[in-house]
Amino acid sequence: MTRALIIAVDGPAASGKGTIAARLANHYGLPHLDTGLLYRAVGVGVLEQGGSLDDQQAAEAVARALDAASITADERLTNGEAGEAASRVAGYPGVRAALLELQQAFASQPGGAVLDGRDIGTIIAPDAAAKLFITATPEVRATRRWKQLTGRGETIAYEDMLADIIRRDERDAGRGAAPMVQADDAVLLDTTDLSIDAAFDAARRIVEAARAKNGL
Ligand code: C5P
């Protein structure tokens, strides 16, 4: 039986992984799941209930009740505060457990899928045929995110953006539950000096090599 083409795209905030994952999905005609949105929806859900991000049980309850089909990448979930809230609740094992099945079901669709996040190649889809770990320097990532957020009217100083990015990296990589780490068999792609087109091209070549290796 031919294995389905599952493409796992992991990496830190503003590394370019979301854009690359979306373009790979389009190129290969595969469904795409931005798993960061799930954690963002949980963090924002807790805040909207008037709850505290320190309250693990509240976060787990929101995660268990999440209606994935209703999640869209709108301003409510893509702003800076939502990213910070996501990173706080993402450290709770109960939240991760509640979101695991949903992500694994998405990954195991018959035709394959593209998922981007922090633990796709390690936990969600360890058998993925193609695994990429996308990175870039914190300064370049902060510049990208700063342009994105200020471009749509958010007010944030570059220095604060950089501090946010570094703090989020440390939290995501340092947590006990599914820390952000490059899978042993993932290919590292540094987008620091690459345009979006060049980064996508490099990613596509990595996937092509994985397809050839796996006979897909
Ligand atoms: O990728 P994005 O910036 O939208 O992710 C927001 C936060 O959600 C991350 O900082 C991380 O803490 C968490 N996350 C995670 N595992 C994933 C995707 C996102 O822990 N697979």
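For the structure itself, consult the block above.
Below you will find a few notes about this structure. What you see is a predicted model, and the numbers here were worked out from it, not measured in a lab.

With respect to the nonpolar core
Inference 1: Counting 33 residues, the largest nonpolar core has Val42, Ala59, Leu66, Ile71, Val95, Leu99 and Leu115 as its most contacted members.
Inference 2: When contributions to this core are tallied by element, the ones reaching two or more residues are β1 (5–10), α2 (36–48), α3 (56–64), α5 (80–89), α6 (93–107), β3 (112–117) and α7 (120–124).
Inference 3: For this core, the element with the most residues is α2, which contributes 7 residues.
Inference 4: Residues in contact with Ile71, not counting those within four places in the same chain, are Leu37, Leu38, Ala41, Leu66 and Leu77.
Inference 5: By size, the runner-up hydrophobic cluster in this structure holds 22 residues, among which are Leu24, Phe200, Ala203 and Ala210.

Notes on the pairing of β3
Inference 1: Where burial is concerned, most of β3 is hidden: 6 out of the 6 residues are buried.
Inference 2: Relative to β3, β1 runs parallel, the two sharing 6 bridges. When the sheet's bridge partners are listed, Ile7 is paired in β3 with Val114.
Inference 3: Here 3 bridges tie strand β2 (residues 32–34) to β3, and the two strands are oriented parallel to one another. Within β3, the position partnered with Leu33 by the bridge is Leu115.

A word on the sheet that holds β2
Inference 1: Ordered by their spatial adjacency, 5 strands build an open sheet running β2-β3-β1-β4-β5, and the pairing between neighbours is parallel. Sheet topology places β2 and β5 (187–190) at the edges, where each strand pairs with a single neighbour. With direction set aside, neighbouring strand axes in the sheet form an average angle of 20°.

Rules behind the numbers
Residues numbered from 1 in each chain as written. Predicted model: local features only at pLDDT ≥ 70, side-chain atom pairs only at ≥ 80, totals over all residues. Heavy atoms only, no water. Core = buried A, V, L, I, M, F, W, Y, C linked by side-chain atoms within 4.5 Å. Buried < 20%, exposed > 50% of the residue type's maximum accessible area, 1.4 Å probe, protein only. Helix = DSSP H or I, 4+ residues; strand = E, 2+ residues; numbered from the N terminus. Contact = heavy atoms within 4.5 Å. Pairing = 2+ DSSP bridges. Axes fitted to C-alpha atoms, helices over the stretch in contact; angles between N-to-C directions.

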